[in-house]
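# Report on the structure
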Amino acid sequence: MSISFKELHDWTVDTETAIALQHQLAPNIIREGEPEDIEHIAGVDIGFEDEGATTRAVIVLMHWPSLEVVEQVIHREATRMAYVPGLLSFRELPAALNALQRLEGTPQLVMVDGMGIAHPRRLGIAAHLGLWLELPTIGVGKSRLCGRHEPVGEEKGARTPLVDRGETIGTVLRTRERVKPLYISTGHRISEESAVKWVMHCLTRYKLPEPTRQADRLASRRTRALREGR
DNA sequence: GCGACAG
DNA sequence: ATCTTGTCGC
């Protein structure tokens, strides 16, 4: 897919600049909407190799509603920044964008590992990516960054709101029985309700929705093959 | 000042 | 995130 990459080549910034940028960008996030004419959904997964020196971005493009993988991209590049809670997007987005640029197809919805607006400054990696792509995005987190919530029901589909400073910023969702719940939050151009609905739509027999699960699976499979092959 | 802290 | 084998349980 074609994207505008103006600042991408020197995106490394210091902590204060990153935080200022988040404060500046967050107000532009659109927390409502119902993505339409969905034909393809993309899953984004970021991993690290060489003790963190290399960043690996995996993109999986999947057809809806068959959930069949139609395209995949694995991109590697030098890691730019260290991990700092709250500044994840500055560390992982460059690689994700370069990987997306290599994607031939274009998704109408994107799912990302991590938070959408369920972030201290309401600009988690999924929200930041959505703003950049101007596409609907959903944050699919495996653990909590901020906010509090009541215990979640045990049955699949059980949910409870994630609240921070009096504001509902996401949904804690049980995607499978006897497994830790996921933290779903709006990224951009989609309502919380719709975000949860799409995650549910993409669930099969696993904890993660297919887009991110397939991206994860592809990442570990290739990494393993590479290791065993040398 | 003391914890908490996506991936 | 990543390092790592087997093992207990639905």
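Note that the coordinates shown come from a computational prediction; the quantities given were computed from them, not determined experimentally. (Residues numbered from 1 in each chain as written. Chains lettered and ligands numbered in written order. Predicted model: local features only at pLDDT ≥ 70, side-chain atom pairs only at ≥ 80, totals over all residues. Heavy atoms only, no water.)

## Concerning the UniProt feature "binding site: Mg(2+)" (unreviewed entry) in chain A
- In the numbering adopted here, UniProt assigns the feature "binding site: Mg(2+)" (unreviewed entry) to D45 and D113. Sequence-wise these annotated residues cover 69 residues; spatially they are packed, their C-alpha atoms never more than 6.2 Å apart.
- Mapping D45 onto the fold places it in strand β1 (residues 40–49).
- In this structure, D45 is in contact with R56, A57, V58, D113, A215, D216 and A219, ignoring residues within four places of it in sequence.
- On the secondary structure map, D113 appears in strand β4 (residues 109–113).
- Note on D113: relative accessible area 13%, which makes it buried.
- Every residue in contact with D113, bar those within four places of it in the chain, is listed here: V44, D45, I125, V140, K142, T212 and D216. (UniProt positions renumbered as here; feature names shortened; annotations may be inferred. Helix = DSSP H or I, 4+ residues; strand = E, 2+ residues; numbered from the N terminus. Contact = heavy atoms within 4.5 Å. Buried < 20%, exposed > 50% of the residue type's maximum accessible area, 1.4 Å probe, protein only.)

## Focus: the packing of aromatic side chains
- Scanning the entire structure with this criterion turns up one aromatic pair.
- With centroids separated by 4.8 Å and ring planes inclined at 65°, the aromatic side chains of W64 and W198 adopt a geometry described as edge-to-face. Pair noted here: W64 is in the loop between β2 (54–63) and β3 (68–78) and W198 is in helix α4 (residues 192–201), with a separation of 134 residues, a long-range link.
- Geometry around F48 places R91 over its ring, the cationic atom sitting 3.9 Å from the centre.
- Over the ring of Y206 we find R213, and its NZ or CZ is 3.8 Å from the ring centre. (Phe/Tyr/Trp six-rings, centres within 6.5 Å; stacked < 30°, edge-to-face > 60°. Lys NZ or Arg CZ within 6 Å of the ring centre and 35° of its normal.)

## Here we look at the pairing of β3
- In this sheet, β3 lies alongside β2 in antiparallel orientation, the contact comprising ten bridges. Directly across from L61, in β3, lies its bridge partner E71.
- Here β2 folds back onto β3, and the loop between the two strands holds four residues, one of which, L67, carries a positive phi near 60°. (Pairing = 2+ DSSP bridges.)

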